[in-house]
Amino acid sequence: MILYLIRHGQSANNLLAEQLKERPGPFPFETYMKNRVAEPPLTEVGEQQAEKLGAYFDGMEFSRLFCSPMLRTMQTMRPLAESQGREPTVWIDLHEHGGIFLRPGPNAQAVGFPGLNRAEMSEMFPGYRVDGIGENGWWRGDEEDLASCHARAVRVAEELHRMAGESEEDESIAAVSHGTFMDSLLKALLGRLPGKELYFNHHNTGVTRVDFSSSRSDGKLVVTVRYTNRAEHLADEHMTY
């Protein structure tokens, strides 16, 4: 099985962070936390990146498409799903580290929000498979810590191994997720968690390919990272972080 792991397009929070980085001095983290939104949509550039992503994979056939339940990944998936003629499945465990929350400062108490509910997803993204999403949304609690994110990455890695064991080696799937979670997932697949000494960075709509294949010696599944953060579908003016 071949997994194409894709980061979402530029979100409103990504744009805010880039704008703040342009200011002289250290990154103003408190300013960012006060001005970010809990459920950021794609920016105009993010929408363009998603369109280019869909065109990039035109001609390739995916057997399954997955995305996280966050608005920005569902928006990013839409052009790819349309070009493939397939219904994406919303996979809750692909969501970004932290969940959906607001925390107006480093010492402030985080406040969680439920995210899109089943009816909202069905209206905004007809055809998406939203099993497991309730009418009260999908996120519970306030802000997820990094250890919980790592544990979730291990669950997803185990499920991918299971799927690979039941799939043909040349079967391709695509999953749209998030920067920090993709880092955790790749480390989980490679047995490198918590792995604070390295980080797998991805540009917006950057693509990483991971192959699951059988070892010639004992037939066990072997994970091979073919490449990371490929963004050749983006021109310089569309390259964001």
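Residues numbered from 1 in each chain as written. Predicted model: local features only at pLDDT ≥ 70, side-chain atom pairs only at ≥ 80, totals over all residues. Heavy atoms only, no water.

- The name given to the protein chain in an unreviewed UniProt entry is Histidine phosphatase family protein, with the source organism recorded as Caldilineaceae bacterium SB0661_bin_32.

1. Quick notes on the overall build of the protein chain
Alright, step 1. When you go through the protein chain residue by residue, the secondary structure sums to seven helices and eight strands.
Alright, step 2. Expected size for 241 residues packed as a compact globule is a radius of gyration near 18 Å; at 18 Å, the protein chain falls within 12% of this value.
Alright, step 3. The principal-axis extent of the C-alpha atoms belonging to the protein chain is close to 55 × 40 × 40 Å.
Alright, step 4. Counting the 241 residues in the protein chain, one finds 50% classified as buried.
Alright, step 5. Summarising the internal contacts of the protein chain: among those between residues at least 6 apart in sequence, 72% fall at separations of at least 24.
Alright, step 6. Accessible area for the protein chain stands at about 11,600 Å²; split by element, carbon and sulfur atoms hold 48% of it.
Alright, step 7. In the protein chain, 25 positive and 35 negative side-chain charges are present, and the distance between their average locations comes to 4 Å. (Helix = DSSP H or I, 4+ residues; strand = E, 2+ residues; numbered from the N terminus. Rg over C-alpha atoms; globule rule 2.2 N^0.38 Å. Buried < 20%, exposed > 50% of the residue type's maximum accessible area, 1.4 Å probe, protein only. Contact = heavy atoms within 4.5 Å. Areas by Shrake-Rupley, 256 points an atom, 1.4 Å probe, with all protein chains shown as cover. Lys, Arg positive; Asp, Glu negative; His and termini not counted. Charge placed at Lys NZ, Arg CZ, Asp CG, Glu CD.)

2. Some points on the side chain of Asn14
Alright, step 1. Mapped onto the elements of the fold, Asn14 is located in helix H1 (residues 12–21).
Alright, step 2. A relative accessible area of 13% means that Asn14 is categorised as buried.
Alright, step 3. Reaching out from Asn14, the side chain makes a polar contact with the backbone nitrogen of Ser11 at a distance of 3.0 Å. (Polar contact = N/O pair within 3.5 Å; in protein donor to acceptor, adjacent residues only side chain to side chain.)

3. A few points about the nonpolar core
Alright, step 1. Judged by nonpolar contacts, the single largest core of 29 residues is most densely connected at Tyr4, Ile6, Phe57, Met74, Met77, Leu80 and Tyr128.
Alright, step 2. The leading source of residues in this core is helix H4 (residues 71–84), at five residues.
Alright, step 3. In this structure Ile6 touches Leu53, Phe57, Leu80, Ala174, Ala175, Val176, Ser177, Met182, Thr205, Gly206 and Val207, once residues within four positions along its chain are discounted.
Alright, step 4. Formed by 25 residues, the second largest nonpolar core is a distinct cluster that contains Leu94, Cys149, Leu185 and Leu186. (Core = buried A, V, L, I, M, F, W, Y, C linked by side-chain atoms within 4.5 Å.)

4. A word on unusual backbone geometry
Alright, step 1. Residue Pro194 is reached from Leu193 by a cis peptide bond, and omega for that bond is 0 degrees.
Alright, step 2. Positive phi values are uncommon outside glycine, yet Thr205 reaches one of about 65 degrees.
Alright, step 3. A positive phi is found at Asn229, a non-glycine position, where the angle reads about 55 degrees.
Alright, step 4. Summarising the element assignment, Asn229 is placed in strand S8 (residues 221–230).

5. With respect to H4
Alright, step 1. The end-to-end C-alpha distance of H4 is 20 Å, a good match for the 20 Å that 14 residues give at a rise of 1.5 Å each.
Alright, step 2. Its axis deflected by about 35 degrees at Arg78, H4 carries its strongest bend there, up to four residues before the proline Pro79.
Alright, step 3. Along H4, 11 of the 14 residues are buried, which leaves the element largely enclosed by surrounding structure.
Alright, step 4. Residues Leu71, Arg72, Thr73, Met74, Gln75, Thr76, Met77, Pro79, Leu80, Ala81 and Gln84 constitute the buried set of H4.
Alright, step 5. Against strand S1 (2–7), helix H3 (44–56), strand S2 (64–67), strand S3 (89–90), helix H5 (118–124) and strand S6 (172–177) lie the buried residues of H4.
Alright, step 6. Just downstream of H4, Gly85 is the residue with a positive phi angle, here 65 degrees. (Expected span 1.5 Å × (residues − 1). Bend = angle between axes of the 7 residues up to and from the residue.)

6. Side note on the pairing of S6
Alright, step 1. Within S6, six of the six residues are buried, leaving the element largely enclosed by the surrounding structure.
Alright, step 2. Side chains Ser172, Ala174 and Val176 project from S6 onto one buried face, and the interleaved Ile173, Ala175 and Ser177 project onto a second face that is buried too.
Alright, step 3. Looking at chain direction, S1 and S6 are connected through six bridges and run parallel. Along S6, the bridge assignment pairs Ile6 with Val176. (Pairing = 2+ DSSP bridges.)

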